[in-house]
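In case you want the letters, here they are:
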Amino acid sequence: MGNETFTREGGQTIAYLKRGGKRPGVLWLGGFHSDMMGTKAQALDEWAQARERAYLRFDYSGHGASSGEFRDGTIGLWRDDAADVLDRLCEGPQILVGSSMGGWIALLLARANPAKVAGLLLIAPAPDFTEKLMWAEMSEDVRRTIMEKGEWKRPSAYGDDPYPITRALIEDGRRNLVLDAPIPVPCPVHIIQGMKDPDVPWRHALKLVERLSGNPMLTLIKEGDHRLSTPEDLARITVALDALIAGIAASCLAFAAPPGSS
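The notes below deal with the structure included here. (Residues numbered from 1 in each chain as written. Predicted model: local features only at pLDDT ≥ 70, side-chain atom pairs only at ≥ 80, totals over all residues. Heavy atoms only, no water.)

### A word on the overall build of the protein chain
Within the protein chain, the regular secondary structure consists of 8 helices and 10 strands. In terms of overall dimensions, the protein chain has C-alpha extents of about 65 × 40 × 35 Å along its principal axes. The proportion of buried residues among the 262 residues of the protein chain is 49%. Nonlocal contacts in the protein chain, meaning residues at least 24 apart in sequence, comprise 72% of its contacts between residues at least 6 apart. (Helix = DSSP H or I, 4+ residues; strand = E, 2+ residues; numbered from the N terminus. Buried < 20%, exposed > 50% of the residue type's maximum accessible area, 1.4 Å probe, protein only. Contact = heavy atoms within 4.5 Å.)

### Concerning the sheet that holds strand β4 (residues 53-58)
In space, the 8 strands of this open sheet follow the order β1-β2-β4-β3-β5-β6-β9-β10, with mixed pairing throughout. Each edge of the open sheet carries a strand with a single partner, namely β1 (4-7) and β10 (217-221). Strand-to-strand twist in this sheet, taken as the mean axis angle between neighbours without regard to direction, amounts to 20 degrees. Judged from the 4 bridges that link them, strand β3 (residues 22-29) and β4 form a sheet pairing that is parallel. Looking at the pairing, V26 lines up with Y55 of β4. Of the strands in this sheet, β3, β5 (94-99) and β6 (117-123) touch helix α3 (residues 101-112), which is tilted by about 160 degrees from β6. (Pairing = 2+ DSSP bridges. Axes fitted to C-alpha atoms, helices over the stretch in contact; angles between N-to-C directions.)

### Some details on the pairing of strand β9 (residues 189-194)
Summarising burial for β9: 6 of the 6 residues are buried, a large majority. Pairing of β6 with β9, which is carried by 4 bridges, proceeds in the parallel orientation. Counted as the bridge partner of I123 is I192 from β9. Strand direction decides the pairing type here: β9 and β10, joined by 5 bridges, are parallel. Bridging from a neighbouring strand, I191 pairs with L218 of β10.

### Quick look at the packing of aromatic side chains
Taken as a whole and assessed by the stated rule, the structure comprises 10 aromatic pairs. Measuring from ring centre to ring centre gives 5.6 Å for W104 and F129, while their planes differ by 85 degrees; the resulting arrangement is edge-to-face. In this pair, W104 sits in helix α3 while F129 sits in helix α4 (residues 129-134), placing the two residues 25 residues apart along the sequence. Taken as a pair, W104 and F129 share a single burial class, namely buried. Each residue in the set F32, F58, Y60, F70, W78, W104, F129 and Y163 is aromatic and connected to the rest through ring pairs, giving one cluster. (Phe/Tyr/Trp six-rings, centres within 6.5 Å; stacked < 30°, edge-to-face > 60°.)

### Quick word on the pattern of salt bridges
All told, the structure shown has 17 salt bridges when counted by the stated rule. Where E151 meets R71, a salt bridge forms, and the shortest distance between an N and an O atom there is 2.9 Å. Remark: R71 occurs in the loop between β4 and α2 (75-89) and E151 occurs in strand β7 (residues 151-154); sequence separation between them is 80 residues. Overall, R71 belongs to the partly exposed group, its relative accessible area being 36%. Between E223 and K196 there is a salt bridge, with its nearest N and O atoms 2.7 Å apart. Of the two residues, E223 sits in the loop between β10 and α8 (231-256) while K196 sits in the loop between β9 and α7 (202-211), which places them 27 residues apart along the sequence. Using a relative accessible area of 49% as the deciding quantity, one classes K196 as partly exposed. (Salt bridge = Lys/Arg side-chain N within 4 Å of Asp/Glu carboxyl O.)

### Remarks on the pairing of β4
By the criterion of burial, β4 is predominantly enclosed, with 6 of the 6 residues buried. Going residue by residue along β4, you find R53, Y55 and R57 tucked away on one face and A54, L56 and F58 tucked away on the opposite face as well. Inspection of the sheet shows strand β2 (residues 13-19) paired to β4 by 4 bridges, in the antiparallel sense. For K18, the partnering residue across the bridge sits in β4 and is L56. Considered for its hand, the β-α-β crossover made up of β3, helix α1 (residues 39-51) and β4 is right-handed. (Right-handed = clockwise from strand over helix to strand, strands pointing away.)

### A short note on the side chain of T74
One can find T74 in the loop between β4 and α2. Polar contacts involving the side chain of T74 include one to the main-chain amide nitrogen of L77, which spans 3.1 Å. (Polar contact = N/O pair within 3.5 Å; in protein donor to acceptor, adjacent residues only side chain to side chain.)

The structure is reproduced here in structure tokens:
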């Protein structure tokens, strides 16, 4: 299955992989500086194939096989990439599976267009990470470099070359914060979070649970790291996705049942 592409109104070319199948489909929203060929995204493709479930994964602008430069990206741009994918390439409401930054993107999409979102599975979600997990932890020297020079090269903990954190990323992030107010998301939400995550502390997930409407579920993995890509972690993710789909199906049946039926 080879990459396909579509061109956004601004000219960015977005690469994606789409598998047809049963609805609701699943839309993968990857993390910061990652791409759609990562371990979790690939594992979910195998899961979707085995269950004949519709599944779509893509690369944000400046990531993977999509066009653009990573340093030109912002949360707002990547949110708009995802919104275009959801509107143009997905049929019917989708279950959004957001990993790390993808969890933030998923929340923004669900808040803006709830009719297109059937459920959320958030894996080590990092809403507001530019402000609360980056800027808050930066030294004054690093902050000054970002604001005066426009960017700072952040060392990667995952073997990649250092990558730029730009002033535009920080300032745009502030326009997209979600944790400072209630988050009205009417669909079911399941969060999976490692307690040994060095990038997104597990208490960040607790803050998200407090802000979400409804009755979100939180699974804490005592030995879990940020990637949550071990075979055991991948099994937990697919089991959670199966349960989310079963719950959505049961709710739809209950809603469709005639009054007085049991």
